[in-house]
Amino acid sequence: MPLFVIQKHHAKRLHYDFRLEKDGVLVSWAIPKGPSMTTSEKRLAVAVDDHDLSYAGYEGVIPETSYGAGPVMVWDTGTYRDISPAGWEKGRIEVELSGTKLVGKFALIQMKGRGEKNWLLMKMKDGREHRQGDILQTAPDSAKTGRSLEEIQAESPTPPPCEVKE
Ligand code: MN
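So, here is what we can say about the structure in this document. (Residues numbered from 1 in each chain as written. Predicted model: local features only at pLDDT ≥ 70, side-chain atom pairs only at ≥ 80, totals over all residues. Heavy atoms only, no water.)

**Quick look at the pattern of salt bridges**
In the structure shown here, the tally under the stated rule is nine salt bridges. R81 is paired through a salt bridge with E96; the nearest N and O atoms lie 2.6 Å apart. In this pair, R81 is assigned in strand 6 (residues 70-82) and E96 in strand 7 (residues 92-99), connecting sequence segments 15 residues apart. In this structure, D126 engages R128 in a salt bridge whose closest nitrogen and oxygen atoms are separated by 3.7 Å. Judged by relative accessible area, R128 falls into the partly exposed class, the value being 36%. What emerges from the salt-bridge pattern is a single network uniting R81, E96, K123, D126 and R128. (Salt bridge = Lys/Arg side-chain N within 4 Å of Asp/Glu carboxyl O. Helix = DSSP H or I, 4+ residues; strand = E, 2+ residues; numbered from the N terminus. Buried < 20%, exposed > 50% of the residue type's maximum accessible area, 1.4 Å probe, protein only.)

Now the structure itself:
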């Protein structure tokens, strides 16, 4: 099963980087408001450059001299099943996530005519959605180490294993 990771990253601004392992790389989107377990909450997901697979487990502080400087947390990780109705190039990606926080079916839908980099991430109705609450607030800490972003920020910078492009 391919892996997914969501990294909570406080660079210039706090955002969440959603990454799906596909064909040997991490296909990536930056989500300014983060994911939601509520079907009514559609979140802008801006496509960014693919990342090296080695970045999936990175948690630490990106040094000031590097792009994306600031703390990075493995907010959620696990595996996923690709349930897309067609190829990803068609602009509709559906995945069933098995994470520690995010579970069930999610859709990424490309917003045609608004710049091909702009997608929307939304929870699909599958009985595992939440009716209320904000998982970003109820489960803010690392899925890998249990630490908060502030605790990670307090440690010494550690260069990531590859270049980071938001
Ligand atoms: Mn980022």
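**Overview of the nonpolar core**
By size, the foremost hydrophobic cluster in this structure holds 27 residues, and its most contacted members are F18, L20, W29, L97 and L108. Discounting residues that sit within four places of it in the chain, F18 has contacts with F4, V5, I6, V27, S28, W29, I31, L97, L108 and L121. Counting residues in hydrophobic clusters, the runner-up holds 10 residues, among them V5, L26, Y55 and V164. (Core = buried A, V, L, I, M, F, W, Y, C linked by side-chain atoms within 4.5 Å. Contact = heavy atoms within 4.5 Å.)

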